[in-house]
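# Coordinate analysis (summary)
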Number of protein chains: 2
Amino acid sequence: MRIAVDAMGGDDAPKAIVEGVMLAKKKFPDIEFQLYGKEAAIRQYVTDETNLTIIHTDEKIDSEDEPVKAIRKKKQASMVLAAQAVKAGHADAVFSAGNTGALLAAGLFIVGRIKGIERPGLMSTLPVMTGNQGFDMLDLGANADNKPEHLLQYGILGSFYAKNVRGIANPRVALLNNGTEETKGSELTKKAFELLSQEPSIHFIGNVEARDLLNGVADVVVTDGFTGNAVLKTIEGTAMNIMGVLKEAILSSGVKGKVGALLLKDSLHDVKGKMDYAKYGGAVLFGLKAPVIKTHGATGPAAVATTIQQIHTMLTTQVVSKLVSHFEEEVDKVSQ
Amino acid sequence: MRIAVDAMGGDDAPKAIVEGVMLAKKKFPDIEFQLYGKEAAIRQYVTDETNLTIIHTDEKIDSEDEPVKAIRKKKQASMVLAAQAVKAGHADAVFSAGNTGALLAAGLFIVGRIKGIERPGLMSTLPVMTGNQGFDMLDLGANADNKPEHLLQYGILGSFYAKNVRGIANPRVALLNNGTEETKGSELTKKAFELLSQEPSIHFIGNVEARDLLNGVADVVVTDGFTGNAVLKTIEGTAMNIMGVLKEAILSSGVKGKVGALLLKDSLHDVKGKMDYAKYGGAVLFGLKAPVIKTHGATGPAAVATTIQQIHTMLTTQVVSKLVSHFEEEVDKVSQ
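Here the structure is a predicted model, which means the values were calculated and not measured. (Residues numbered from 1 in each chain as written. Chains lettered and ligands numbered in written order. Predicted model: local features only at pLDDT ≥ 70, side-chain atom pairs only at ≥ 80, totals over all residues. Heavy atoms only, no water.)

## Structural notes on the overall build of chain A
The helix and strand inventory of chain A stands at 12 helices and 11 strands. Against the globule reference of 20 Å for 336 residues, chain A gives a C-alpha radius of gyration of 21 Å, in line with a compact fold. Relative to its 336 residues, chain A shows a buried fraction of 57%. Intrachain contacts of chain A at a sequence separation of at least 6 include 70% that bridge at least 24 residues. A total of about 13,900 Å² of accessible surface is found on chain A, and carbon and sulfur atoms cover 51% of it. Side-chain charges in chain A split into 37 positive and 39 negative, and the spacing between the mean points of these groups amounts to 3 Å. (Helix = DSSP H or I, 4+ residues; strand = E, 2+ residues; numbered from the N terminus. Rg over C-alpha atoms; globule rule 2.2 N^0.38 Å. Buried < 20%, exposed > 50% of the residue type's maximum accessible area, 1.4 Å probe, protein only. Contact = heavy atoms within 4.5 Å. Areas by Shrake-Rupley, 256 points an atom, 1.4 Å probe, with all protein chains shown as cover. Lys, Arg positive; Asp, Glu negative; His and termini not counted. Charge placed at Lys NZ, Arg CZ, Asp CG, Glu CD.)

Now the structure itself:
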């Protein structure tokens, strides 16, 4: 399998990216890596050249670039070339830690949607506090407005992912709503509830509330991109703030507090570990013809390697090909 | 001033409610309390009968009752009678710790909307981690679908509240969005951004992201009821889960962890105190002809007293009357 890597995306690129690739190479000798970016800068961190090609380019997309414009104008950018490689059939997946909006645009306009999927969604596996399984949530913000039909497709996409990539036999799919009762919701969620209830290919368990997300109430949670984005950022902001307040309270509490914190170090570390969802890999722009995966810009080599492992599983299990077949059959049914 | 109290709403009613009223009575001798509910049960906790009337009724709305149906069928319920008292001009505000949906329905159908306000919103003052000021957010779920015009009205409502009740001279009003740039957003937020930008009576500072809510980026944050509900429940769920994981990690960490936790007790208490937004009072169903205030069902006497203080401030500052005048002028302008 061949993974096209945007080596120039992220805060610590190309260092963190290439070092992560080196870590992944040890574990997965079956991956052929294509690294797009400044050759001299990349080469500094390459310790093993087997199954690895560097495709030099001087251009790159910056985090502050306007996404769609950047994709159209910077035709030689490392991210664009990586996406082009997939389109041309020279690579099987794209990895980037760069500008999220630009990667979404590259995914949509260069890699392209699976036939029958209207609006690919951004999906991450988020942490569950009561276990190590996590849950998949989409759309986390690829779209600002969604229709009920999109939410149905997210249920199918998420279910395929949980089954194939995470190995959950019969994933529980739920709809994020403002109450658990069937009659609850906005115009969008009421219609989405109906569609999800009638879909035979998924195990739909009904509505879940945002309060219970981290409790493991479902394996897949679908929502529109605006709400998903708000919920994800609220989880991050709340967690960051609580840990920040705790740290400040400890620092200002004198010797007693500092000794306490030292004794509690492991416990505090446990909490951070539970909340850190980089352990599940990156965010998938799901619904495209190939895996297009984004990790956080501040990501280090270990998280890059974890994300490559995730791509490896997506390619091994052929989850995208299976989706293509599923939606082709759906399209055929409708056109008959 | 006269406050109609639903003495039967909440998990520990009428005990917690009446005890809270007794606490508030000491501080505010100018309040005349009307307590609606079972007289014998209420009387057990009454320690001072000055400025207090008990209006006996056997009926009450339960937490599992279907809101609108309950309001219509249980015409003698304590909550319904409290709302009727305001409508009839016998009381100036309603307080309840009961069924939220039913209180919203009682507010809308019995107390009634301010002329010119289309969709009253549920508003709470939420905690800010970097200070003690907090911020007002609405709509937290009174509505499942909102139009851009509603969000503009929420900006005006929130600004009036922050100015009059919280004493903030020039409240910074922000729109919750999926990015801070002006061009970002859903169809709803893009249009709401335009309307908020053009409103001369408020100090609109643009978009904020959910990640920054608890950092004090704004004094008032407006959003649609579906998103607001999801964000509020996500804050609650994330905070509860993190504290839960921390507790569990401490309990399973042996003597070292337990000693550490003991030493850190004050710091952990600080975090809980920061997150506890009951200190700001209850949730206001804002946009009605009188203050209609809801506190959490699990609330104790101290939080009941704090909420009564909040109602006292709302009545003293005449924030609702000021809103009535503001929107009357707006309606007049349009009809001229």
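Back to the text.
## Remarks on a nonpolar patch on the surface
Taken together, the side chains of Val68, Leu108 and Phe109 of chain A present a nonpolar region at the surface, about 240 Å² in accessible area. Following the sequence through the fold, Phe109 of chain A ends up in helix α5 (residues 100–111). (Patch = residues over 30% accessible without salt bridge, like charges linked within 9 Å, V, L, I, M, F, W, Y side chains within 5 Å. Salt bridge = Lys/Arg side-chain N within 4 Å of Asp/Glu carboxyl O.)

## Comments concerning the domain arrangement of chain A
Residues and elements named next belong to chain A. By the assigned domains, chain A splits into domain 1 (1–117 + 287–336) and domain 2 (125–278). Just the C-alpha atoms count here: the centres of domain 1 and domain 2 sit 25 Å apart. Contacts between the two partners involve 15 residues from domain 1, matched on the other side by 11 residues from domain 2. Together domain 1 and domain 2 conceal approximately 1,200 Å² of surface at their shared face, both sides included; 70% is due to carbon and sulfur atoms. Put simply, domain 1 and domain 2 have 3 residue pairs in polar contact (both at pLDDT 80 or more) between them. Class assignment of the residues belonging to the side of domain 1 that touches domain 2 gives a composition of 7 nonpolar, 7 polar and 1 charged. (Domains from an automatic or database assignment. Buried area = accessible area lost by both parts, 1.4 Å probe. Polar contact = N/O pair within 3.5 Å; in protein donor to acceptor, adjacent residues only side chain to side chain. Nonpolar A, V, L, I, M, F, W, Y, C, P; charged D, E, K, R; others polar.)

## Re the relation of the copies chain A and chain B
Mapping chain A onto chain B calls for a screw motion: a turn of 180 degrees about the axis and a shift of 0.0 Å along it, with 0.0 Å RMSD after fitting. Such a turn and shift between the copies fits a two-fold axis. Every residue of chain A has its C-alpha some distance from the rotation axis, and the shortest such distance is that of Gly260 of chain A, at 1.8 Å. Take the interface residues of chain A: 100% of them recur as interface residues in chain B, which is what a same-surface contact looks like. (Least-squares fit on C-alpha atoms with pLDDT ≥ 70 in both.)

## Some words on the sheet that holds strand β7 (residues 172–176) of chain A
Residue and element names in this part refer to chain A. Pairing is mixed across the open sheet formed by 11 strands, whose spatial order is β3-β2-β1-β4-β11-β10-β5-β6-β9-β7-β8. Two strands close off the open sheet at either side, each with one partner strand: β3 (52–56) and β8 (203–208). Averaged over all pairs of adjacent strands, the angle between their axes in this sheet comes to 25 degrees, without regard to strand direction. (Pairing = 2+ DSSP bridges. Axes fitted to C-alpha atoms, helices over the stretch in contact; angles between N-to-C directions.)

## Describing the interface of chain A and chain B
Counting from both sides, the interface comprises 50 residues of chain A and, opposite them, 51 residues of chain B. For the pair chain A and chain B, the two sides together bury roughly 4,400 Å², of which 70% comes from carbon and sulfur. On inspection of chain A and its partner chain B, the count reaches 4 salt bridges. Summed over the shared surface of chain A and chain B, the result is 10 residue pairs in polar contact (both at pLDDT 80 or more). Broken down by secondary-structure element, the contributors of at least two residues to the side of chain A that touches chain B are α7 (187–198), α8 (225–251), α9 (254–263) and α10 (265–275) of chain A. In terms of residue count, the dominant contributor to the side of chain A that touches chain B is α8 of chain A (19 residues). In terms of residue class, the side of chain A that touches chain B is built from 23 nonpolar, 16 polar and 11 charged.

## Some remarks on helix α6 (residues 148–164) of chain B
An ideal rise of 1.5 Å per residue puts 24 Å on 17 residues; α6 of chain B measures up with 25 Å between its terminal C-alpha atoms. When you tally the buried positions in α6 of chain B, you get 15 out of 17 residues, the bulk of the element. (Expected span 1.5 Å × (residues − 1).)

## Topic: helix α5 (residues 100–111) of chain B
For an α-helix, the turn length of 3.6 residues means that residues three or four places apart are oriented alike. All names here are of chain B. Considered for burial, the residues of α5 that qualify are Ala102, Leu103, Leu104, Ala105, Ala106, Gly107, Ile110 and Val111. If you check the start of α5, you find a side-chain oxygen 3.1 Å away from the backbone N of Gly101, and it comes from Asn99. Phi turns positive one or two residues past the end of α5, at Gly112, with a value near 90 degrees.

## A short note on the confidence of the model for chain A
When pLDDT is averaged along chain A, the result is 93; 99% of the residues meet or exceed 70. Both scores are given for the predicted complex: the pTM is 0.94, the ipTM 0.93. (pLDDT = per-residue confidence, 0-100.)

## Let's talk about the sheet that holds strand β11 (residues 292–294) of chain B
Strand pairing in a sheet relies on backbone hydrogen bonds, with the paired strands running either antiparallel or parallel. Residue and element names in this part refer to chain B. Taken in spatial order, the 11 strands line up as β3-β2-β1-β4-β11-β10-β5-β6-β9-β7-β8 in an open sheet, and their pairing is mixed. Unpaired on one side and paired on the other, β3 (52–56) and β8 (203–208) mark the two borders of the sheet. Taken over all neighbouring pairs, the strand axes of this sheet differ in orientation by 25 degrees on average, direction set aside. Contacts from α5 reach β4 (93–96), β5 (121–126), β10 (283–286) and β11 within the one sheet, and its direction differs from that of β11 by about 180 degrees. Together, β1 (2–6), β2 (32–37), β4, β10 and β11 form the strand contacts of helix α11 (residues 301–316), whose direction differs from that of β4 by roughly 165 degrees.

## Structural notes on the nonpolar core
Ile71, Met137 and Leu213 of chain A together with Ile71, Met137 and Leu213 of chain B are the most contacted members of the largest nonpolar core, which totals 113 residues. The element best represented in this core is α8 of chain A, accounting for 10 residues. Apart from the residues lying within four places of it in its own chain, the contact partners of Met137 of chain B are Leu122, Met123, Ser124, Leu126, Leu176, Leu213, Val221, Thr223, Gly228 and Val231 of chain B. (Core = buried A, V, L, I, M, F, W, Y, C linked by side-chain atoms within 4.5 Å.)

## Section: the packing of aromatic side chains
Residues and elements named next belong to chain A. Applying the stated criterion across every chain yields a total of 4 aromatic pairs over all chains. When the ring of Tyr161 is compared with that of Phe286, the centres are 5.6 Å apart and the planes differ by 85 degrees; the resulting orientation is edge-to-face. Of the two residues, Tyr161 is situated in helix α6 (residues 148–164) and Phe286 in strand β10 (residues 283–286); the sequence distance between them amounts to 125 residues. Classification of Tyr161 by relative accessible area gives buried; the value is 2%. (Phe/Tyr/Trp six-rings, centres within 6.5 Å; stacked < 30°, edge-to-face > 60°.)

## So, the pairing of strand β2 (residues 32–37) of chain A
Residues and elements named next belong to chain A. Most of β2 is tucked away, with 5 of its 6 residues classed as buried. Relative to β3, β2 is paired through 5 bridges, and the arrangement is parallel. Pairing of Leu35 across the sheet is with Ile54, part of β3.

## Digging into the pattern of salt bridges
For side chains of opposite charge, pairing can occur when their charged atoms come near one another. Residues and elements named next belong to chain A. Counted according to the given criterion, the structure contains 24 salt bridges over all chains. A salt bridge links Asp92 to Arg2; its shortest N-O distance comes to 2.9 Å. You can see Asp92 sitting in the loop between α4 (78–87) and β4 (93–96) and its partner Arg2 sitting in strand β1 (residues 2–6), a full 90 residues away along the chain. By relative accessible area, Asp92 is classed as partly exposed at 24%. Linking Asp219 and Arg172 is a salt bridge whose minimum nitrogen-to-oxygen distance equals 3.1 Å. Taken together, the residues span a long stretch of sequence, with Asp219 in the loop between β8 and β9 (220–222) and Arg172 in strand β7 at a distance of 47 residues. In the salt-bridge network here, residues are joined through shared partners; they are Lys60, Asp62, Asp65 and Lys74.

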